[in-house]
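Chain residues, written in single-letter form:
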Amino acid sequence: MGKIILTGDRPTGKLHVGHYVGSLKHRIKLQNSGDYDETFIMIADAQALTDNADNPEKVRQNIIEVALDYLSCGLDPDISTLFIQSQIPELCELSFYYMNLVTVSRLQRNPTVKSEIQMRNFETSIPVGFFTYPISQAADITAFKATTVPVGEDQLPMIEQTKEIVRRFNSVYDEVLVEPDSLLPDNKACLRLPGIDGKAKMSKSLNNCIYLSDPEDEVKKKIMGMYTDPNHIHVDDPGQVEGNPVFVYLDAFSKPEHFAEYFPDYQCLDEVKEHYSRGGLGDIKIKKFLNTVLQEELSPIRARRKEFEKDIPAIYEILKKGSQKAEAVAAQTLSEVKRAMKINYFEDQDLIQAQAKRFLENIPSK
Ligand code: TRP
């Protein structure tokens, strides 16, 4: 059995640096490691519609944005299969059968679903499609027999739920599905990058994101305006490092070689933190350093994006080819699933012959 990656994103907006350090960067490393037989990267438009049913245009517009973000970060369509979820009808069929293996109360206990219901004020009227999206996510993963799902921390309950569905399916029917493992980035700061306003999470609706496609001056403006320690008023005041977004970002983005190059007064991030805690190090100085570090990471991405933007039809073509390839794989799994579930009537000559015999001999059905 091969090592197979599947992961994806909802196309509800452009991707931001939180997506980048939380998952995208990791995917590209895995893609380039040569350790995996297949890498499937999915634009989860059908899942995006589960809480944007009344806004299909938003989802439609953002498919190309996410695809551009993928390609400019280094996902390579010659290695990874990039595809669009809604173009793989087999995923719906799988979801429909998996629904029989999951209880309502189990879905209600899914922590990610729980907090999303709260966030969206769905408490009194949850769309069924939204409520059941963890099941469709299990279909996404198992359709490709994925062994590895590189995701952010908030997706762990989905992988857990997928594993349960796989175990249940394999024990009730037959060993067809593969139990996936999640893969998180090793760097703790990358798990959840705060918004530039200091809120726990970057979110489009909070307007606190740095987007991969933001121009250089926009990134700079956002960093210079970033929330830091509100009690660090004078340079000499002791500053709080813990939970300070500027330092979380530095934890996520700075590399040892950056200090000699851009911040020679310090040998490493710990020295910077130490000085800040002690007092005497101003926010502007660290923000300028962060800006340099972040621009270094983002500028090649931005440059590649400009190139890809010149031929948009070619990107739709990449997604179309990827979707065709993905559908062939999902169709194979679906056929195994249907055989295991005994709903493969027309390919089952034994069944047809046995039924014929039964009626000839007048044997009552079971
Ligand atoms: N739920 C993921 C998100 O919100 C998107 C997604 C859909 C996904 N299906 C998936 C991620 C399967 C990993 C595996 O970003």
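Look up: the structure comes first, before these words.
Description of the structure in this document. Quantities reported herein were computed from a predicted structural model and do not represent experimental measurements. (Residues numbered from 1 in each chain as written. Predicted model: local features only at pLDDT ≥ 70, side-chain atom pairs only at ≥ 80, totals over all residues. Heavy atoms only, no water.)

### Notes on the overall build of the chain
Here is step 1: For the chain, the count of helices and strands is 17 helices and five strands.
Here is step 2: Its C-alpha atoms put the chain at 95 × 45 × 40 Å along the principal axes.
Here is step 3: Buried positions account for 50% of the 366 residues belonging to the chain.
Here is step 4: Relative to all contacts within the chain whose residues are 6 or more apart in sequence, the contacts with residues 24 or more apart total 76%.
Here is step 5: When the accessible area of the chain is evaluated, it comes to approximately 18500 Å², of which 53% is carbon and sulfur surface.
Here is step 6: Of note, the chain has its 44 positive side-chain charges centred 3 Å away from the centre of its 55 negative side-chain charges. (Helix = DSSP H or I, 4+ residues; strand = E, 2+ residues; numbered from the N terminus. Buried < 20%, exposed > 50% of the residue type's maximum accessible area, 1.4 Å probe, protein only. Contact = heavy atoms within 4.5 Å. Areas by Shrake-Rupley, 256 points an atom, 1.4 Å probe, with all protein chains shown as cover. Lys, Arg positive; Asp, Glu negative; His and termini not counted. Charge placed at Lys NZ, Arg CZ, Asp CG, Glu CD.)

### Remarks on the pattern of salt bridges
Here is step 1: Evaluation of the coordinates by the stated rule reveals 26 salt bridges.
Here is step 2: The partner of glutamate 307 in a salt bridge is lysine 310, and the shortest N-O contact between them spans 2.9 Å.
Here is step 3: Residue glutamate 347 pairs with arginine 339 through a salt bridge whose shortest N-O separation is 3.2 Å.
Here is step 4: Through salt bridges with shared partners, a single network forms among Glu65, Asp69, Arg305, Lys306 and Glu309. (Salt bridge = Lys/Arg side-chain N within 4 Å of Asp/Glu carboxyl O.)

### A word on the site of the ligand
Here is step 1: Surrounding the ligand, one finds 14 residues, the nearest of these being Met42, Gln47, Gln137, Asp140 and Gln155.
Here is step 2: One nitrogen or oxygen atom from the side chain of arginine 10 is found 3.2 Å from an oxygen atom belonging to the ligand.
Here is step 3: Between the ligand and aspartate 140, the relevant distance is 2.8 Å, taken from a nitrogen atom to a side-chain nitrogen or oxygen of the residue.
Here is step 4: In the complex, the protein chains occlude 91% of the 360 Å² of accessible area that the ligand would expose alone.
Here is step 5: Sort the elements by how many residues they give to the shell around the ligand and strand β1 (residues 4-9) lands first, with four residues.
Here is step 6: Looking at side-chain class alone, the shell around the ligand contains six nonpolar, five polar and three charged residues. (Near = heavy atom within 4 Å. Polar contact = N/O pair within 3.5 Å; in protein donor to acceptor, adjacent residues only side chain to side chain. Nonpolar A, V, L, I, M, F, W, Y, C, P; charged D, E, K, R; others polar.)

### Things to note about the environment of tyrosine 173
Here is step 1: Here tyrosine 173 shows up in the loop between α9 (156-172) and β5 (181-183).
Here is step 2: A C-alpha to C-alpha distance of 59 Å links tyrosine 173 and glycine 239, two positions 66 residues apart in sequence.
Here is step 3: The residues touching tyrosine 173, leaving out its near neighbours within four places in the chain, are Leu101, Ala340 and Met341.

### Focus on the nonpolar core
A general tendency of soluble globular proteins is for nonpolar side chains to be buried together.
Here is step 1: Of all hydrophobic cores here, the largest spans 55 residues; its most connected members are Tyr249 and Phe253.
Here is step 2: It is helix α3 (residues 56-73) that provides the largest number of residues to this core, a total of eight residues.
Here is step 3: Beyond its immediate sequence surroundings of up to four residues, phenylalanine 253 is in contact with Val17, Tyr20, Val21, Leu193, His258, Val293, Leu294 and Glu297. (Core = buried A, V, L, I, M, F, W, Y, C linked by side-chain atoms within 4.5 Å.)

### Quick look at the packing of aromatic side chains
Here is step 1: If you walk through the whole model with that rule in mind, you get 13 aromatic pairs.
Here is step 2: With a centroid separation of 6.5 Å and an interplanar angle of 85°, the aromatic rings of phenylalanine 40 and phenylalanine 83 are classed as edge-to-face. You can see phenylalanine 40 sitting in strand β2 (residues 38-43) and its partner phenylalanine 83 sitting in strand β3 (residues 80-84), a full 43 residues away along the chain.
Here is step 3: We classify phenylalanine 40 as buried; its relative accessible area is 2%.
Here is step 4: Owing to a relative accessible area of 0%, phenylalanine 83 belongs among the buried residues under this scheme.
Here is step 5: Ring geometry for phenylalanine 259 and phenylalanine 289: centres 5.2 Å apart, planes at 50°, overall tilted. Taken together, the positions of phenylalanine 259 in helix α13 (residues 256-262) and phenylalanine 289 in helix α15 (residues 283-309) put the pair 30 residues apart, joining distant regions of the chain. Both residues of the pair, phenylalanine 259 and phenylalanine 289, count as buried.
Here is step 6: Here the aromatic cluster, defined as three or more aromatic residues joined through ring pairs, consists of Phe259, Phe263, Tyr266 and Phe289.
Here is step 7: Lying across the ring of tyrosine 36, lysine 3 places its NZ or CZ 4.7 Å from the centre. (Phe/Tyr/Trp six-rings, centres within 6.5 Å; stacked < 30°, edge-to-face > 60°. Lys NZ or Arg CZ within 6 Å of the ring centre and 35° of its normal.)

### Section: the packing of α3 against α15
Here is step 1: With their axes 8 Å apart at the nearest point, α3 and α15 run at an angle of 125° to one another. Our classification of the angle between α3 and α15 gives oblique. The element α3 and its partner α15 pack so that their crossing is right-handed. Of the residues in α15, those touching α3 at Glu65, Leu68, Asp69, Leu71, Ser72 and Cys73 are Ile301, Arg304, Arg305, Phe308 and Glu309.
Here is step 2: Residues of the contact of α3 with α15, tallied by class, amount to five nonpolar, one polar and five charged. (Axes fitted to C-alpha atoms, helices over the stretch in contact; angles between N-to-C directions. Parallel < 35°, antiparallel > 145°, perpendicular 65-115°, else oblique. Left-handed = near helix turned anticlockwise from the far one by under 90°.)

In short, geometric facts, not functional conclusions.
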